[in-house]
Every structure is written in structure tokens, then in C-alpha cells.
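Residue-level structure breakdown
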Amino acid sequence: MSIKKQPKLTLVGAGPGDPELISVKGLKALQQADVILYDALVSPELLDHAPDAIKVFVGKRAGNHSKEQDEINQLIVDYALKHGHVVRLKGGDPFIFGRGHEEIEYAEQFDIETHLIPGISSALAVPALCNIPLTRRNISESFWVVAGVCKKGTLSNDVRLAAQSTATVVILMGLNKLNEIVQLFVKEGKANTPTAVIQNGSLPGEKIVSGTVETIEAEVKKHHIGAPAIIVIGEVVSLADFYRLNIENIISQPNSVIATPIAKPHALHRGKKSSFTIQSNRGLLRHNSTRSANAVVPRNDDKI
């Protein structure tokens, strides 16, 4: 005679994409799960930590929802009542544009025990991994994190408010609204503000383009940047080595490509020996360099 397991829901933040950026507590929850409901942006490697659990894909991407939110809520309850411990594995942090609180609230209506394990949001981690500090003394005292679209699919009004501030602005889920975003910031006198767009942040296929508010849309189209991507707008973007290299390359050789340093910040522009990567569709290419700030990276069309 089998003993019925106590129904339980644990929301786990999987982080920005790199499977090593999940918390230890999050991994332990996966190992104890009877069922895992996981999102589209969750690394498949994380599922290997729960070989015996039932795994159900419930991912939602723009215009392509495998399950609507009401269906996900009901699946959580059904699986918890039938199997016991359900882990809801969500990209980033469950409470940052993740609808995690709605899922907990729904489960608690059925007297299901609930727990939350936070994750690292891509809004914080991806700029940091690209050497973009969201705050910096004497440059940026605060930052906004804004969803690019609201429930109706239109541009969030909060983007307009953010454009009026002097803070760093991080926009998630906004790539399809990039033209409208650019227009808003130009209208607020921010045409020359440094800007970066980062696709697949923290993953081997990460791609970065940079420029200013008025040039970033052309860079995104030129280098075929797609979702998932985050937009970072603010003077702090200019502190990243890839931004300095890009601007200098544009001045000295317009057809050059973008290099992304992975060494200590500011090492390249001081002319010290450093390691940097050139992003390509095949992954990361490592190279040792003693290039100074005015170095030019030769053009190769399959790299950015």
C-alpha cells in the first residue's frame, strides 16, 4: 500500500540561462521533485538533476504559448494532488515578470503548501556578465527594469517614464518594440546615449551589439539579433570594453566587428595583455591579445 505524498509546490528561479547560475537550494529542490513544470528559457541540463521526476514543458514565448496561464495553474494543482511535490522551474526569478505569485496564490486556494526559491534575474546578471554595471558612482545612481510590452501587447507606458529619468534602463521582452523605444528616448533628448542589446545572455551563443539610441536599431538588424534579448540604455554601457572597441572600430574601420572582453574590466583599453572573445554562431572563439584601444578587429561576416 503506497503512502500518499503531501502536495507541495516549490517555485524555483533557474537564473538567466547558464545552468551553473541556479542556486544550490534550487538544485536540491529539483532533486526532491516528483514533477517538474518547466519554461522555455530553462536549460535542459537542469532537468538531468531529477532523473525520476515527471517533466512537463509549459513554456511560453511571444506568440507561441504551449499552455495558457490558467492551464498552468490547474496543472500545478492536479499534479501536486496526485503526485506530491511539484517544482515550477522558471527562467530568471519567478517574481520578476514571471507570474510566480499568481501560481502560488492559486495553489494555496487548494491548501497546497508553497515555497519560493529566488533566481538570478537576467535583468541583473546579463549586463553584469558583459561588464556593464547598472549603477556606478557619479554616473548612474539607480536603474529601471521594465517590461517592453504590457498585457495588451502594446509598449508599456513605464518605458516612457524611464526614458525621462537619468537612470540606467533595462528593458526585457522589448526587442519587437525597439523602434518605438528608440523614438521615445530620442524624443527625450537621449539620441546619443550608449545602448547595448544582448541576445542569449550567459549562454555560449550570446551575441552583443552596441551603439547609441539612434544607431542601435540598425545594428540589431545588421547582425540579426533576435529574442530572447535584453536592451540596456545608459551611460554605464560605455564602461564595457566591447563598447569602447566597437566605437573605436567604427571610427577607424566601419566594417569591423564587435569583440567582447572576458578578462578584467578595462584591461584592453590600457593596452595590457588580455583575452577576449568574438561571438559567432559556432560558439566562443578565444584569443590572446595585446591590442590597445585603437585596435581594429578584421571583418568576418559570420561573427559579431
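The coordinates are above.
Read on for an overview of the structure. (Residues numbered from 1 in each chain as written. Predicted model: local features only at pLDDT ≥ 70, side-chain atom pairs only at ≥ 80, totals over all residues. Heavy atoms only, no water.)

Here we look at the side chain of Asn73
The condition is simple: Runs of H or I in DSSP of at least four residues are treated as helices and runs of E of at least two as strands, each being numbered from the N terminus. Partly exposed describes any residue whose relative accessible area lies between the buried limit of under 20% and the exposed limit of over 50%, with all areas from a 1.4 Å probe on protein chains only and scaled to the type maximum. Only heavy atoms enter the contact rule, under which two residues are in contact if any of them lie within 4.5 Å.
Relative to the helices and strands, Asn73 is located in helix H2 (residues 69-83). Classification of Asn73 by relative accessible area gives buried; the value is 8%. In contact with Asn73, other than residues within four places in its own chain, are Glu103 and Tyr106.

A few points about the nonpolar core
Rules: The term nonpolar core refers to a set of buried residues drawn from Ala, Val, Leu, Ile, Met, Phe, Trp, Tyr and Cys, joined through side-chain atoms within 4.5 Å.
Membership of the largest hydrophobic core comes to 22 residues, with the highest contact counts inside it found for Val159, Ile171, Ile181, Phe185, Val197, Val220 and Ile233. Put simply, the parts of the chain that give this core at least two residues each are helix H5 (157-163), strand E9 (168-172), helix H6 (178-187), helix H7 (216-222) and strand E12 (229-233). When residues in this core are grouped by element, the largest group, 5 residues, is from H6. When residues no more than four places from it in sequence are discounted, the contact partners of Ile233 are Ala167, Thr168, Val169, Ile171, Ile181, Phe185, Thr193, Pro194, Thr195 and Val213.

Re the pattern of salt bridges
This is how the line gets drawn: Take a side-chain nitrogen of Lys or Arg and a carboxyl oxygen of Asp or Glu: if they are within 4 Å of each other, that pair is a salt bridge.
Counted by the stated rule, this structure contains 7 salt bridges. Residue Asp34 pairs with Lys5 through a salt bridge whose shortest N-O separation is 2.5 Å. Of the two residues, Asp34 is situated in the loop between helix H1 (24-31) and strand E2 (35-38) and Lys5 in the segment before strand E1 (8-13); the sequence distance between them amounts to 29 residues. Linking Arg88 and Asp39 is a salt bridge whose minimum nitrogen-to-oxygen distance equals 2.8 Å. In this pair, Arg88 is assigned in strand E6 (residues 85-90) and Asp39 in the loop between E2 and strand E3 (54-57), connecting sequence segments 49 residues apart.

Description of H6
Condition: As used here, the arc belongs to the directions running from the helix axis to the C-beta atoms.
Turning to H6, its buried residues number three or more, namely Leu178, Ile181, Val182, Leu184 and Phe185. Take H6 and look down its axis: the buried residues cluster within an arc of 160°, on one side only. Those residues of H6 hidden inside the fold are in contact with H5, E9, H7 and E12. Of the residues one or two after H6, Gly189 is the one with positive phi, at around 80°.

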